[in-house]
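# Architecture at a glance
One-letter residues, chain by chain:
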Amino acid sequence: MTDKTQKTALVTGAARGIGLATAHLFLDRGWRVAMVDIDGAELGRAASGLTDVLAITADVSDPEQVAGIRQKVSELDSSLAALVNNAGVADFGPIAETTFDRWRRVMATNLDGPFLMTQAFTEALAKARGAVVNITSISGVRASTLRVAYGTSKAALAHLTLQQAVELGELGVRVNAVAPGPVDTKLAMAVHTADIRAAYHDAIPLNRYGQEAEIANAIVFLCSAEASYVTGQILAADGGFSAAGVGLPSLRLSD
Ligand SMILES: NC(=O)c1ccc[n+]([C@@H]2O[C@H](COP(=O)([O-])OP(=O)(O)OC[C@H]3O[C@@H](n4cnc5c(N)ncnc54)[C@H](O)[C@@H]3O)[C@@H](O)[C@H]2O)c1
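Structure report, in brief. (Residues numbered from 1 in each chain as written. Predicted model: local features only at pLDDT ≥ 70, side-chain atom pairs only at ≥ 80, totals over all residues. Heavy atoms only, no water.)

So, on to the nonpolar core. In terms of nonpolar packing, the biggest core is built from 32 residues, with F26, V33, M35, V84, V133, V178 and I219 touching the most fellow members. Excluding residues within four positions of it along the chain, I219 makes contact with I18, T22, V84, V133, I135 and V178. (Core = buried A, V, L, I, M, F, W, Y, C linked by side-chain atoms within 4.5 Å. Buried < 20%, exposed > 50% of the residue type's maximum accessible area, 1.4 Å probe, protein only. Contact = heavy atoms within 4.5 Å.)

Here's what the structure looks like:
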């Protein structure tokens, strides 16, 4: 890592799924990438063979480990121009069965993580007039059963995005969010049964799950110069899900 003109993006949860697709797209566009993940083995596999990456095994919900990430990234000789708070956990269950430990685990990664990471890198991002993208979810836009912790964490992250955009805008830092619909990743596979998949197809105007690369495209756009006057926005990349309040299958033209 020697070219001082090359910009660096930090992507959390970069070992797989949307985070890994985002890291690949940044690399394709000529950025360096700091890949952060709690799963060191998976991160090692994901980063092996890639050039221009720094792999950091850490938990974004732990303030001391976040300080460690900041230290490692500060040793790079290029400016941090993008922070993608993508690391997230999904834990679906009824309210009565959501123990405080389960609730805290979801809040810790999905909400505390983006708070801590953005705070830790604000100074660096301000120097580069950089951008933050938080990954929320359609679960933060619409309520459902079984998502008391996950949905609430993502709704809170959407509001955190607005808070950060308003305050950090004064420093020249843009902050936006991408709210994916269902995407074919390990996270979705772990919690989406065949019934859930079929119901999603019914509820989504584009009638399919999204692909990791489609979410990465939205994320990298929001970090790019093309989005230089865009801040405080929650961009849904959801196949039209959130637009379709009464998009009932029985009202479809094709039915
Ligand atoms: N897949 C979907 O359908 C979908 C839909 C909407 C939103 N999202 C959101 O997109 C993001 C990425 O989802 P994905 O489907 O790629 O998930 P994934 O489970 O495939 O990948 C998430 C990564 O985050 C890492 N991670 C988890 N906790 C961490 C922590 N505390 N510190 C550092 N790393 C941690 C995991 O090890 C994993 O590599 C998440 O925030 C998720 O909530 C996903």
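According to the stated counting rule, one finds four aromatic pairs in the structure shown. Taken together through their ring pairs, the aromatic side chains of Y200, Y209 and F241 make up a single cluster. Lying over the aromatic face of Y209, R197 brings its terminal NZ or CZ to 4.1 Å of the ring centre. (Phe/Tyr/Trp six-rings, centres within 6.5 Å; stacked < 30°, edge-to-face > 60°. Lys NZ or Arg CZ within 6 Å of the ring centre and 35° of its normal.)

Where helix α2 (residues 40-47) is concerned, the buried positions are E42, L43, A46 and A47. Down the axis, α2 shows its buried residues gathered within 125 degrees of arc, on one side only. Just past α2, the residue G49 takes up positive phi, approximately 85 degrees. (Helix = DSSP H or I, 4+ residues; strand = E, 2+ residues; numbered from the N terminus. Arc of directions from axis to C-beta.)

The full count for this structure, using the stated rule, is eight salt bridges. The partner of D112 in a salt bridge is R104, and the shortest N-O contact between them spans 2.6 Å. On the accessibility criterion, D112 (24% relative accessible area) is partly exposed. Residue E214 pairs with R208 through a salt bridge whose shortest N-O separation is 2.8 Å. R208 sits in the partly exposed class, given a relative accessible area of 36%. Residues participating in the shared-partner salt-bridge network are E42, R45 and K186. (Salt bridge = Lys/Arg side-chain N within 4 Å of Asp/Glu carboxyl O.)

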